[in-house]
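# Geometric and topological summary
Okay, here's what each chain looks like letter by letter:
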Amino acid sequence: IYTDVYSDAVLNTNVVTLAKKIKGTQDVVGVDIYVGNRVSQHESNRLPEGSNYFLCDSKGNLLESSIEDISEDEVQEQIYRIFTQIEEGKYEDYDSSLIEIDGRESGVYYYQLDSGWYSVVTIPYDELLKGVISSWRIFLGVVGLSLAMLIVFVITDYRANRKVKISNDIIGVLGNLYYSIYLINLENGKYQMLKGEDDVCKHLPGKADYGVLVEALRTVIAEEDSQQFFETFSIENMRKLIKNRGGDFGGDFKRLFGGQYRWVHVQMLYDESFQDNSIVLCFKDIDREKEQDLLRMELLKNSLESVDRMAKSKSVFFSQMSHDMRTPLNGIIGLSNLIQRNPDDKEKRTESLKKITMLSNQLLSLIDDILNMSKMEQREIQLKNESFDIKKNLEDLISIFRIQAESEGKTFMTEINIEDSYIISDWGKIQQILNNLLSNAFKFTKREGKIELSVSETKDYNSKYRKYCFKVKDNGTGMSQEFLKKIFIPFERETQFGAASVSGTGLGMSIVYELVHKLNGTINIESEIGKGSSIDVMISCLVSEETGKVNVEAKEEKENNLSDIRILLAEDNEINMEITTEILKECGMSVVQVWNGKEAVEVFENCPDGYFDFILMDMQMPVMDGCEAAERIRQSRKKDGQHIPIIAVTANAFVEDIALTRRAGMNAHVSKPIDFEVLKDIMSKFI
């Protein structure tokens with residue numbers, strides 16, 4: 001790739017960029033070349049005397065020239081003038097010329113490079129004709145005398161043949177465009193064949209009644225087009241057409257060619273100069289163009305239908321989301337009001353707080369589904385392979401759902417048959433898959449129903465990998481076979497037999513599908529309305545050589561590393577500030593609070609180098625936002641301004657928000673509500 005000239009943002013200098021993809025990769029090598037507008041003296045000496053050389057990009061911007069004694073602006077103006085003439089095709093002939101800046105007439109010669117750039121040379125005519133001018137004068141004299149004699153003979157012949165030639169040219173052009181041409185006399189109803197097509201010619205005389213032509217055409221025109229064609233192009237109707245609509249009318253129909261129907265365009269032409277009220281019927285094969293038009297129409301129709309379906313799908317999605325998000329919000333607001341009205345009822349307050357926590361997690365799950373889907377659409381999901389104890393993690397996960405089963409009056413049965421407990425994989429993604437599957441099983445199973453989770457291990461003794469099968473089974477409402485075909489499509493939800501009343505985004509199974517395939521696994525679903533569902537997920541994991549002791553020690557070491565850490569916390573929300581400060585202090589850290597980006601910059605710059613170990617920065621704050629504050633800190637003259645870890649702690653959790661924080665110089669991104677285990681893990685890595 002060769003770019004055109006553009007201005008370098010750093011040096012404010014004209015530059016072009018050359019780039020090439022590295023074979024076998026998605027990487028690209030790019031080279032910036034700063035434009036020097038003068039050709040070296042050595043290169044200039046290679047041109048004929050008085051000649052000029054120019055190199056410009058595909059838009060006429062000057063890259064190099066051999067002119068030294070005038071300003072670059074004048075040279076640029078000259079090359080723009082030449083470039084415009086080139087685009088207009090005025091320098092295609094060998095004797096093309098222009099008037100140079102110094103007033104001399106020069107020949108112009110150019111070549112367009114593969115990159116789209118133009119190389120142009122102008123050579124004065126004096127230099128071109130040096131040494132041959134005298135010979136040319138003698139030669140031109142002889143040629144001039146000969147031409148004068150020849151012209152006398154040619155003019156007469158030219159005038160005589162001019163009209164005939166024009167007529168022949170027109171007929172030749174029409175003959176190339178149309179496979180059949182007929183002259184129809186509307187006065188006497190007869191036709192004359194000017195050009196015919198083989199299938200019809202052998203059945204038709206050159207001249208005859210128009211009815212003979214009509215009968216011949218009936219044998220080849222498609223039946224569905226036949227009636228309309230002969231009604232339109234009857235003698236009576238063609239008289240009406242030229243009277244009411246002028247001399248240009250036509251249409252498309254299907255016609256038989258050698259056993260195959262093709263699209264044909266018929267054109268009726270009329271002009272007042274025609275004698276005897278005659279018209280011309282021309283037939284043209286347009287099968288290829290027509291098929292392309294029909295294909296474009298079909299694609300347009302399908303595109304419109306797709307857009308319409310998408311619009312309806314999004315409309316339904318936002319309607320569902322509005323309902324699903326309002327439901328837990330209404331519950332949280334109602335329970336909060338209930339606590340305020342009964343401040344002394346400890347039992348009711350405790351029960352209400354539990355329900356508020358459950359509703360908050362439900363609302364957070366809805367939002368996480370949307371964020372996860374956004375990341376997957378942007379291909380931003382990254383695997384984090386670490387060693388962990390899958391049996392212990394499963395037990396922790398099961399304990400949460402066991403509490404839910406007890407509170408909802410459902411039976412939750414589990415069976416874990418694992419020999420190799422320590423494996424290397426992404427537990428976060430596996431947990432997310434199981435959370436979605438178990439949450440769905442609980443959602444769609446009524447009270448006194450049964451949910452089962454079984455985990456088994458399949459060994460291959462010739463490999464360090466083990467296959468882990470996760471089966472989630474329930475006897476709930478089940479799914480229709482029709483819905484199973486589209487279960488992994490975003491926003492799709494089963495709406496039969498009570499499923500529509502259950503909250504959700506319709507994104508859960510789409511997320512599960514993407515995560516399973518990201519882990520190189522497989523998923524299989526069996527379900528029947530009224531009988532429940534069974535879902536099998538198979539994932540291959542590498543056996544780890546680490547032990548639980550190492551992991552425990554690593555966790556204790558991480559906790560110890562975070563004590564005596566000094567944090568600069570920028571947050572404009574009082575509740576978030578209070579919660580974050582308290583939890584950080586519980587971990588042994590000290591916190592300095594600021595309420596906007598400007599305060600964060602001022603406090604950082606007024607403290608000694610190395611005073612703060614971390615900066616936790618919200619994105620949206622008054623006076624100065626978090627990204628601008630991070631940029632100011634990175635540009636600070638303080639020694640630690642370039643390397644102090646800045647972590648974005650914000651509710652802005654989309655891919656584009658993360659990209660903004662990275663461009664601003666932040667080192668990591670933690671979404672709100674804050675998962676403090678994740679935050680501590682990030683901080684310990686920087687330490």
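So, here is what we can say about the structure in this document.

A contiguous nonpolar patch, built from Leu147, Leu150, Ile151, Val154, Ile155 and Tyr158 and spanning about 550 Å² of accessible area, is present on the exposed surface. Mapped onto the fold, tyrosine 158 is located in helix 4 (residues 133-177).

Let us now look at helix 8 (residues 235-244). Within helix 8 the residues assigned to the buried category are Ile235, Met238, Leu241 and Ile242. What you see down the axis of helix 8 is that its buried residues fit within an arc of 115°, all on one side. For helix 8, the exposed residues lying more than 90 degrees away from the buried face are Glu236, Lys240, Lys243 and Asn244.

Before going further, it helps to spend a moment on the nonpolar core. Counting residues in hydrophobic clusters, the biggest one holds 40 residues, and the most contacted among them are Ile390, Phe412, Ile433, Phe470 and Val537. Every element with two or more residues in this core is listed here: helix 11 (390-408), helix 12 (427-443), strand 18 (450-459), strand 19 (465-474), helix 13 (481-484), helix 14 (508-518), strand 20 (522-528) and strand 21 (532-543). The element contributing the most residues to this core is helix 12, with 8 residues. Counting residues in each nonpolar core, the second largest holds 32 residues, with Leu217, Val220, Met238 and Phe283 among its members.

Here we come to the sheet that holds strand 26 (residues 668-671). Across the sheet, 5 strands lie side by side as 23-22-24-25-26; this open sheet has parallel pairing. This sheet does not close on itself; its edge strands, each paired only once, are strand 23 (590-594) and strand 26. Taking each pair of neighbouring strands and ignoring which way they run, the sheet shows an average axis angle of 25°. Both strand 24 (residues 614-617) and strand 25 (residues 646-650) contribute to a ladder of 3 bridges, which runs parallel. Considered in strand 25, the bridge of isoleucine 615 is made with isoleucine 646. Of the strands in this sheet, strand 22 (566-570), strand 24, strand 25 and strand 26 touch helix 20 (residues 676-686), which is tilted by about 165° from strand 26.

Before going further, it helps to spend a moment on the packing of aromatic side chains. All told, the structure shown has 17 aromatic pairs when counted by the stated rule. For the ring pair tyrosine 2 and tryptophan 117, a centre distance of 5.6 Å and an interplane angle of 80° mean the geometry is edge-to-face. You can see tyrosine 2 sitting in the segment before strand 1 (6-7) and its partner tryptophan 117 sitting in the loop between strand 7 (105-112) and strand 8 (118-124), a full 115 residues away along the chain. Judged by relative accessible area, which is 10%, tryptophan 117 ranks as buried. Taken together, a centroid distance of 5.0 Å and an interplanar angle of 40° make the contact between phenylalanine 229 and phenylalanine 233 tilted. Both residues of the pair, phenylalanine 229 and phenylalanine 233, belong to the buried class. Ring pairing ties together the aromatic residues Tyr179, Tyr182, Tyr191, Phe229, Phe230, Phe233, Phe253, Phe257 and Phe283, which thus form one cluster. Positioned over the ring face of phenylalanine 230 is arginine 218, at 4.4 Å from the centre of the ring. The aromatic ring of phenylalanine 604 is capped on one face by lysine 638, whose charged end is 4.4 Å from the ring centroid.

Attention now moves to the pairing of strand 23. Examined bridge by bridge, strand 22 and strand 23 share 5 bridges and lie parallel to one another. Residue alanine 570 lies in a different strand from strand 23, and its bridge partner there is valine 594. In this region the chain leaves strand 22, passes through helix 16 (residues 574-586) and returns to the parallel neighbour strand 23; the handedness of that crossover is right-handed.

Looking at the element boundaries, serine 534 is found in strand 21. Put simply, serine 534 and glutamate 452 are 82 residues apart on the chain and 9.2 Å apart in space, counted from C-alpha to C-alpha. When sequence neighbours within four positions are dropped, the list of residues in contact with serine 534 reads Lys471, Val472, Lys473, Asn524, Ile525 and Glu526.

Before going further, it helps to spend a moment on the pattern of salt bridges. Within this structure, the stated rule accounts for 21 salt bridges. Glutamate 528 is the partner of lysine 531 in a salt bridge, and the nearest nitrogen-oxygen pair spans 3.6 Å. A relative accessible area of 42% means that glutamate 528 is categorised as partly exposed. Shared partners join several salt bridges into a network, and the residues in it are Glu419, Asp420, Glu457, Lys459 and Arg466.

For the rest of this paragraph, the subject is the environment of lysine 21. Tracing the backbone through its elements, the reader meets lysine 21 in strand 2 (residues 14-21). Residues lysine 21 and isoleucine 1, 20 residues apart in the sequence, show an inter-C-alpha distance of 8.9 Å. Every residue in contact with lysine 21, bar those within four places of it in the chain, is listed here: Gln26, Asp27 and Val28.

Conventions used here
- Residues numbered from 1 in each chain as written.
- Predicted model: local features only at pLDDT ≥ 70, side-chain atom pairs only at ≥ 80, totals over all residues.
- Heavy atoms only, no water.
- Patch = residues over 30% accessible without salt bridge, like charges linked within 9 Å, V, L, I, M, F, W, Y side chains within 5 Å.
- Areas by Shrake-Rupley, 256 points an atom, 1.4 Å probe, with all protein chains shown as cover.
- Salt bridge = Lys/Arg side-chain N within 4 Å of Asp/Glu carboxyl O.
- Helix = DSSP H or I, 4+ residues; strand = E, 2+ residues; numbered from the N terminus.
- Buried < 20%, exposed > 50% of the residue type's maximum accessible area, 1.4 Å probe, protein only.
- Arc of directions from axis to C-beta.
- Core = buried A, V, L, I, M, F, W, Y, C linked by side-chain atoms within 4.5 Å.
- Pairing = 2+ DSSP bridges.
- Axes fitted to C-alpha atoms, helices over the stretch in contact; angles between N-to-C directions.
- Contact = heavy atoms within 4.5 Å.
- Phe/Tyr/Trp six-rings, centres within 6.5 Å; stacked < 30°, edge-to-face > 60°.
- Lys NZ or Arg CZ within 6 Å of the ring centre and 35° of its normal.
- Right-handed = clockwise from strand over helix to strand, strands pointing away.

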